[in-house]
Amino acid sequence: MTHDELSTDPLVKDIATRLAAEFGGRVSHKVVLSTVTDARRDLEGQIVPEAIGEMLHRLAHYRLDTLPTRASR
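So, here's what we can say about the structure. (Residues numbered from 1 in each chain as written. Predicted model: local features only at pLDDT ≥ 70, side-chain atom pairs only at ≥ 80, totals over all residues. Heavy atoms only, no water.)

Scanning the protein chain from N- to C-terminus turns up five helices and zero strands. Sequence-ordered secondary structure for the protein chain, helices as α and strands as β, is α-α-α-α-α. Of all 73 residues assigned to the protein chain, the portion counted as buried reaches 30%. Contacts in the protein chain between residues at least 24 apart in sequence constitute 62% of all its contacts with a sequence separation of at least 6. Of the roughly 4800 Å² of accessible surface on the protein chain, a fraction of 54% belongs to carbon and sulfur atoms. (Helix = DSSP H or I, 4+ residues; strand = E, 2+ residues; numbered from the N terminus. Buried < 20%, exposed > 50% of the residue type's maximum accessible area, 1.4 Å probe, protein only. Contact = heavy atoms within 4.5 Å. Areas by Shrake-Rupley, 256 points an atom, 1.4 Å probe, with all protein chains shown as cover.)

So, in structure tokens, the structure goes:
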């Protein structure tokens, strides 16, 4: 899937919406959506389809939570 196709995936949109609300004061919605989309692409074929929602949320959350740390390096 392309980046554009992934960004319109209902699961990606749902998780991005939830994480945007959680990280709204620190990270723009555009960065959240891009992070979730990148995480979805990275997980493709790596885990069973039944676990994609939870694993996608966890991976994207971790990446967003560590953005300031990575940016300061």
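Right, picking up where we left off after that structure.
Let us now look at the nonpolar core. Ranked by size, the top nonpolar core spans 15 residues in total, and within it Leu 19, Val 32, Val 36, Leu 56 and Leu 64 carry the most contacts. Secondary structure elements with two or more residues in this core: helix H2 (10–23), helix H3 (29–43) and helix H4 (52–65). Looking at this core element by element, the count peaks at six residues for H2. When neighbours within four sequence positions are excluded, Leu 19 is seen to be in contact with Gly 24, Val 32, Val 36, His 57, Ala 60, His 61 and Leu 64. (Core = buried A, V, L, I, M, F, W, Y, C linked by side-chain atoms within 4.5 Å.)

This brings us to the pattern of salt bridges. Inspection of every chain in the model, using the stated rule, returns six salt bridges. The partner of Glu 44 in a salt bridge is Arg 40, with the nearest N and O atoms 2.6 Å apart. In this structure Glu 44 comes out as partly exposed when scored by relative accessible area, which is 47%. Of the charged contacts, one joins Arg 63 and Asp 42 as a salt bridge, the two residues approaching to 2.8 Å between their closest N and O atoms. With a gap of 21 residues between them, Arg 63 in helix H4 and Asp 42 in helix H3 connect regions that are remote in the sequence. (Salt bridge = Lys/Arg side-chain N within 4 Å of Asp/Glu carboxyl O.)

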